[in-house]
Amino acid sequence: MQFWLARSQEERLDYSALFALCFIYIVHYLVFCIPQPFFIEDAGISFAFAQNFVDGEGFVAYAGGERVEGFSNPLWTFLIAIFYALGISVWTSSKVLGALFGVMTLPLSFAIVRRANIPKNIAFLAPFALAMSPNFVIWNASGLENSLYCVLLALGMWRLLLESEEPNRHPISALVFCLAAMTRPEGIMYAVVAGFSKLIFAIVDRKYKSFFYWALVFVVPFGLYQAWRYWYFAWPFPNTYYAKLGTGKRFKPFSWTQRGWKYINAYLEAHNIIDWNGFKLHMGYALPLLLVG
């Protein structure tokens with residue numbers, strides 16, 4: 001519809017370019033759906049919980065089992081459960097949704113870059129890089145929540161930019177980041193960054209109410225969801241948290257020998273930045289560069 005309503009030939013060319021990139025993405029995506037139908041094994045967890053819930057067993061890992069939050073992607077699990085209730089196989093719905101959300105992410109990435117005043121020709125590199133990225137396409141086709149997570153983060157960033165330009169806009173970005181936090185646990189980190197950005201915009205524009213309105217739109221639905229989780233599963237965190245915690249039931253961030261830090265150290269040691277005449281500089285030493293970024 002936007003293509004036909006475009007007011008100039010230049011806008012139509014822009015939409016045509018985005019359509020072409022979306023087509024490239026779909027062709028790339030089908031490579032992992034038709035010749036070699038790919039699913040990551042963890043997708044079976046969400047599939048089992050979604051099917052058991054619709055079949056009347058509740059959110060359980062197997063029929064007759066106890067309620068346990070054995071998944072860390074609740075919004076994705078709920079979404080494929082809805083389609084399963086409509087008679088669509090979880091194997092099919094996850095593939096279709098992966099394609100759809102992936103396509104939606106491409107124009108959003110272009111819009112975000114354009115809002116940063118990047119020249120248009122360069123801005124097209126963002127959706128092009130995504131369409132050609134094996135990592136982006138493979139994980140979207142994996143049956144997991146990656147495509148949903150990416151499109152929510154992109155939509156949230158784009159809406160946040162629009163709301164920063166016009167403070168009187170409705171804080172839809174808060175709701176989008178709330179959904180992202182319900183899709184993956186680390187989504188809450190992006191929501192905190194978005195909220196901090198909203199606070200800065202509110203201070204600069206002296207629109208303090210806009211920040212409190214934004215925070216309210218995020219906190220209310222997210223708080224209600226957490227209350228439901230605790231009522232249904234009777235544990236403050238998903239079961240996957242306790243499984244990966246290692247020993248005990250309490251988070252110890254400064255216990256350097258625990259499993260979490262072992263994961264991080266092993267990753268940093270395995271990925272060397274520089275190997276010069278036997279001298280290796282690991283990624284860990286480059287982390288201060290993040291401050292520069």
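Scroll up a little and you will see the structure.
What comes next concerns the included structure.

**Looking at the environment of R115**
Thinking step 1. Following the sequence through the fold, R115 ends up in helix α5 (residues 90–115).
Thinking step 2. Once the C-alpha coordinates of R115 and L162 are considered, the two residues, 47 residues apart in sequence, prove to be 8.6 Å apart.
Thinking step 3. The residues touching R115, leaving out its near neighbours within four places in the chain, are W158, L161, L162 and E165.

**Thoughts on the packing of α5 against helix α9 (residues 146–165)**
Thinking step 1. With their axes 8 Å apart at the nearest point, α5 and α9 run at an angle of 30° to one another. For the element pair α5 / α9, the angle class is roughly parallel. α5 and α9 meet at a crossing whose hand is left-handed. The segment α5 lies against α9, with L97, G98, F101, G102, M104, T105, L108, A111, I112 and R115 engaging S147, L148, C150, V151, A154, L155, M157, W158, L161, L162 and E165.
Thinking step 2. Taken together, the residues that form the contact of α5 with α9 break down as 15 nonpolar, four polar and two charged.

**Observations concerning the packing of helix α11 (residues 187–205) against helix α12 (residues 208–233)**
Thinking step 1. Relative to each other, α11 and α12 sit at 160°, their axes nearing to 7 Å. Considering the angle they form, α11 stands roughly antiparallel to α12. With respect to the hand of their crossing, α11 and α12 are arranged in left-handed fashion. Residues I188, A191, A194, G195, K198, L199, A202 and I203 of α11 form the contact with α12, whose own contacting residues are Y208, S210, F211, W214, F218 and F222.
Thinking step 2. Here the contact of α11 with α12 is composed, by residue class, of 11 nonpolar, two polar and one charged.

Rules of the game
Each residue is numbered by its place in its chain's sequence as written, counting from 1. Per-residue local features are limited, in this predicted model, to residues with pLDDT of at least 70; the limit for side-chain atom pairs, both in listing and counting, is 80 or more; totals at the level of whole chains, interfaces and linings are taken over all residues. Heavy atoms throughout the structure, all of them, feed into the side-chain values; hydrogens and water do not. Helix numbering and strand numbering both begin at the N terminus, where a helix is a DSSP run of H or I of at least 4 residues and a strand a DSSP run of E of at least 2. In this description, contact between two residues means that some pair of their heavy atoms is separated by no more than 4.5 Å. Lines are fitted to the C-alpha atoms to define the axes, a helix being fitted only along its stretch in contact, and any angle between axes, read from their N-to-C directions, falls within 0 to 180 degrees. What sets the label is the angle itself: under 35 degrees gives roughly parallel, over 145 gives roughly antiparallel, 65 to 115 gives roughly perpendicular, and the rest give oblique. Crossings are sorted by hand: turned counterclockwise from the far helix by less than a right angle, the near helix makes the crossing left-handed, and turned clockwise it makes it right-handed. Side-chain classes follow a simple rule in which Ala, Val, Leu, Ile, Met, Phe, Trp, Tyr, Cys and Pro form the nonpolar group, Asp, Glu, Lys and Arg form the charged group, and the remainder, Gly included, forms the polar group.

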